[in-house]
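Structural features, examined
This is what each chain is made of:
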Amino acid sequence: MGSTVYVVGLGVISGIGNNVAEHLSAFEREAAGMGDISLFDTLHQHQLPVAEVKLSNAELIKMTGLPGRSSRTTMLSSVAAKEAWEDAGITDPKAFRTGFISANTVGGMDKSESFFVEFWADNNKGKLRNIFDHECGSMTEIVADQLGIKDFITTISTACSSSANAIFYAARLIKNGIIDIAVAGGADSLTKFTLNGFNTLMITDKELCRPFDQNREGLNLGEGAGYVVLVSEQVLKTLNKQAYCMISGYNNSNDAYHQTASSPEGTGSYLAMKGALEKAGLQPSDIDYINLHGTGTPNNDSSEGIAVRRLFDPNYPAVSSTKSFTGHTLGASGGVEAVFSVLAIKHGLIYPNLRFETRMEELPFEPVKHFQAGQNIKHVMSNSFGFGGNCTSLIFSAV
Amino acid sequence: MKAYIRSAACISPQKTFDTGGFLNDITEYTGTRLTVIDPDYKNYIDPKLARRMSTIIKRGVAAGKKCLEGTGIDVPDAIIAGTAFGCMEDTITFLARMVEMNEEMLPPTAFIQSTHNTVAAQIALMLQCHGYNNTFVHKGISFESALFDALMLMNEGEAHNIIVGATEEMVDASYKVLTRLGLYRRQPVSNLELLKSEAKGTMGGAGSAFFLLTDKPSPDNLAGLSAARTYYQPDNIEKAIVDFLCEHSLKSEEIDLIITGRNGDIKNDAIYNTLGENIFKSNVLANYKHLCGEYPVSSSFALWLAANIIKRQEIPEIVAERGVASRPIKNILIYNHYQNKYQALMLVSAAD
């Protein structure tokens, strides 16, 4: 079925940087992005660390040229998608069929939740412009318009695996000959809604998160956006550049265990990783690095860790969770981490899992503690798992 | 590649679920909104589980499960859903508690169930389906996006049986906001008169329709599904439709029935009027939104309608707009657009 799908453009924004270059620098400096909440008033201020993008809404409006009423999610999406699109350097987009496949989890909730305060007190109140982009599809539409893409656009929402599924879907669209070029990934900004939601589940850490550590206590929320530009072989030939890598494997499986909790044996994550390896025609020992989902919650890391053990034992690749830098960027995480995975291949990098101290007692392996450059990285697996048991693994391979 | 609609289950403002009839006992609504007729869910969902579920989840899960009835399939290979607004009841509940309780002592259930993928996930959980699971949330093409994924998955040989569908609920808060945004009629109207009276605005609706798609031809199938296609601001929809039909070796006069998304709003219906006098001038036409109301995934109701028309070779009088279809009814084109921005086509064909 179809040709190879190549990655030719990257764009990312998160709590540790506003573009690819700033992320590479932050990784090298081992500088995490968490701090106090500044974006909105909340009871949890100074209680829960979060990784905010270091740009105010006013700065983002200026940067993106979007209207003042825009959701922060739209603006983050715009910044990263544009960076990816420009990086790809598609010389003649009109000559090809181009798609924008984006993802997020709560649409324009940052605006909706402020609308809601007035609306709930009086149903005839609340500024309608703040609810106009409530739908998840709005972000995709606005950014597609900015990029001038209209051949194929859609939006996926599968909780924290959303943008991994967007990339997966985009790759399939190219393989099936539906489109030739895709900008794919996702975005989510911090909102009071998600902050309180995760807090009620008691899976947030009051300290900086410690993914895959025996003493981990939960996640830190983050925000951001990450996009890749995928092209067919035919398009690649027209570009004046080498591809970063190809997307060689992907799988979406469902844990079918619980709405929010992961199964103790990691069924969904095991099936996703195994399915992605099969799709890529690779053995577990071929994988050089796994960018873990690694949220830092006791449940996720145990479940994911056991799934890794089941599949990889005894040949463990280097593993780490970059959520120790960016926090959990929810619907954006699959896109953000896909960018990191591609950069790992391009520059021979393995990212550290910050603050790791004690190996989990159920696991015979532990994550990488310090930044490593100059590695020979051929195959990288990126895991993204979400509520509803939605588990997706992607594999990127050197060309 | 052609897929087949093995079965279809639809929970809507009409008696479309748990009934042997086919739109022969129509429910009238007067106002600017049609409300969903909920079946007795205990036939589909354990009451202990159902108590925690919001309405949209119950509707989606019941419709999803019902698709498998009598098919001999216990677990599909994939589950794909479409919804524009997702689980609004849970979203509003959580927002309201957050405001009222000033972020303190919030119960997590509403948040847990507020994510857009909850319906597809709950179907997977109930059926213990570990296969491919996806949810599309792109405004008025959420359902067609899901359907397109299902067709592609089958084309790839990755799945043989897929539960695919769409679900949308209309809670009071959404209805109020959408009313303020000017989507609905200024004056109350009967849904049975909606399409006969041209004015600004339509009536709101909701519903859940799920389908079991299979790659196997069988006399038990309801209908064939040849294609689903979405368009974003196409330069010329008439040309797009001609090209689409041409790709499937069809001319417009070979389409036995066209189901359009006419909803009684002048601006919305203009394109249907234009096409009815041009490319569709010799076609038999039918409508459906007076039965289910306008909502982003209403075309899932239209697909349920089309599949049943092919199976029964019967066009319910209540949906007929113009003309008498010749028999057999082999090809049905569903053409719907959402606020003139998104356009979608589905081609339903004979079951063999």
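Nothing here was measured: the structure is a model prediction, and the numbers come from that model.

The next point concerns the overall build of chain A. A tally of helices and strands in chain A yields 12 helices and 12 strands. Relative to its length of 399 residues, chain A is compact, with a C-alpha radius of gyration of 20 Å against a globular reference of 21 Å. Projected onto its principal axes, the C-alpha positions of chain A cover 60 × 55 × 40 Å. Here chain A, with 399 residues, has 64% of them falling under the buried criterion. Partitioning the intrachain contacts of chain A with sequence separation of at least 6 by distance along the chain shows that 80% fall at a separation of at least 24.

A word on helix H5 (residues 136–147) of chain A. All names here are of chain A. Given a rise of 1.5 Å per residue, 12 residues ought to cover 16 Å, and the 18 Å separating the end C-alpha atoms of H5 matches this to within 8%. Taken across its 12 residues, H5 has 10 buried, putting it largely inside the fold. Buried within H5 we find Cys136, Gly137, Ser138, Met139, Thr140, Glu141, Ile142, Val143, Ala144 and Leu147. Buried residues along H5 sit in contact with helix H3 (72–88), strand S3 (98–103), strand S4 (152–156) and strand S5 (181–188).

On to the domain arrangement of chain A, then. When the parts of a complex come together, some accessible area is lost, and that lost area is often taken as the interface size. Residue and element names in this part refer to chain A. The domain boundaries assigned to chain A delineate domain 1 (5–236) and domain 2 (247–397). Using only C-alpha atoms to locate each centre, domain 1 and domain 2 end up separated by 20 Å. Counting residues at the interface gives 63 residues for domain 1 and 57 residues for domain 2. Ranked by the residues each element gives to the side of domain 1 that touches domain 2, the list is headed by helix H6 (residues 162–175), at 8 residues.

Turning to its location among the elements, B:Ser190 is positioned in strand S6 (residues 189–190). Residue B:Ser190 is classed as partly exposed on the basis of its 14 C-beta neighbours within 10 Å.

Once that is clear, we can look at the interface of chain B and chain A. Contacts between chain B and chain A engage 47 residues on the former and 47 residues on the latter. Secondary structure elements with two or more residues in the side of chain B that touches chain A: helix H3 (88–100), helix H4 (109–112), helix H5 (118–127), strand S4 (132–136), helix H6 (142–155) and helix H7 (172–180) of chain B. Split into classes, the residues belonging to the side of chain B that touches chain A amount to 24 nonpolar, 16 polar and 7 charged.

For the rest of this paragraph, the subject is the domain arrangement of chain B. All names here are of chain B. The domain boundaries assigned to chain B delineate domain 1 (3–214) and domain 2 (224–349). Placing the centre of domain 1 and that of domain 2 at their C-alpha centroids yields a distance of 21 Å. In this complex, domain 1 contributes 52 residues to the contact, which on the side of domain 2 involves 38 residues. Elements represented by at least two residues in the side of domain 1 that touches domain 2 include exactly strand S1 (3–11), H6, strand S5 (161–168) and strand S7 (207–214). Of all the elements, H6 adds the most residues to the side of domain 1 that touches domain 2, at 7 residues. Counted by class, the side of domain 1 that touches domain 2 contains 28 nonpolar, 18 polar and 6 charged residues.

Let us now look at the pairing of S7(B). Two faces, one strand: in a regular strand the side chains alternate between the faces of the sheet. Residues and elements named next belong to chain B. For S7, a buried count of 8 out of 8 residues is recorded, marking the element as mostly surrounded by other parts of the structure. Side chains of S7 alternate between two faces, with Gly207, Ala209, Phe211 and Leu213 and Ser208, Phe210, Leu212 and Thr214 buried alike. Judged from the 7 bridges that link them, S1 and S7 form a sheet pairing that is antiparallel. Note on S7: the bridge partner recorded for Ala9 is Phe210. Pairing of S5 with S7 involves 8 bridges; the strand directions are antiparallel. Within S7, the position partnered with Ala166 by the bridge is Ala209.

As a further point, take helix H9 (residues 267–280) of chain A. Residue and element names in this part refer to chain A. With 14 residues, H9 should reach 20 Å at 1.5 Å per residue; the first-to-last C-alpha distance of 20 Å fits that figure. For H9, the tally of buried residues reaches 11 of 14 residues, placing the bulk of the element in the interior. The complete set of buried residues in H9 reads Thr267, Gly268, Ser269, Tyr270, Leu271, Ala272, Met273, Gly275, Ala276, Leu277 and Ala280. Buried residues along H9 sit in contact with strand S8 (245–254), helix H10 (298–312), strand S11 (379–385) and strand S12 (390–397).

All names here are of chain B. By the secondary structure assignment, Thr167 is in strand S5. Distance from Thr167 to His138, taken between C-alpha atoms, is 13 Å for residues 29 residues apart in sequence. Discounting residues that sit within four places of it in the chain, Thr167 has contacts with Ile56, Arg59, Gly60, Ala81, Thr83, Val119, Ser208 and Val297.

A separate point is the nonpolar core. Within the largest apolar cluster, 252 residues are counted, with the highest numbers of intra-cluster contacts made by A:Val7, A:Val228, A:Leu230 and B:Ala306. Beyond its immediate stretch of four places on either side in the chain, A:Val228 contacts A:Val7, A:Gly9, A:Leu10, A:Ala84, A:Ile167, A:Ala184, A:Gly185, A:Ala338, A:Val339 and A:Val342.

Let us look at the pairing of strand S9 (residues 257–260) of chain B. Residues and elements named next belong to chain B. Residue alternation in S9 divides its side chains into two sets, Leu257 and Ile259 and Ile258 and Thr260, and both sets are buried. Two elements, S9 and strand S12 (residues 332–338), share 4 bridges in a ladder whose sense is parallel. Residue pairing for S12: Thr260 is matched across the bridge by Tyr335. Direction of pairing for S9 relative to strand S10 (residues 285–287): parallel, over a ladder of 3 bridges. Across the sheet, residue Ile259 finds its bridge partner in S10, namely Ala286.

Conventions used here
Residues numbered from 1 in each chain as written. Chains lettered and ligands numbered in written order. Predicted model: local features only at pLDDT ≥ 70, side-chain atom pairs only at ≥ 80, totals over all residues. Helix = DSSP H or I, 4+ residues; strand = E, 2+ residues; numbered from the N terminus. Rg over C-alpha atoms; globule rule 2.2 N^0.38 Å. Buried ≥ 20, exposed ≤ 12 C-beta atoms within 10 Å, placed from the backbone. Contact = placed C-beta atoms within 7 Å. Expected span 1.5 Å × (residues − 1). Domains from an automatic or database assignment. Nonpolar A, V, L, I, M, F, W, Y, C, P; charged D, E, K, R; others polar. Pairing = 2+ DSSP bridges. Core = buried A, V, L, I, M, F, W, Y, C linked by C-beta atoms within 7 Å.

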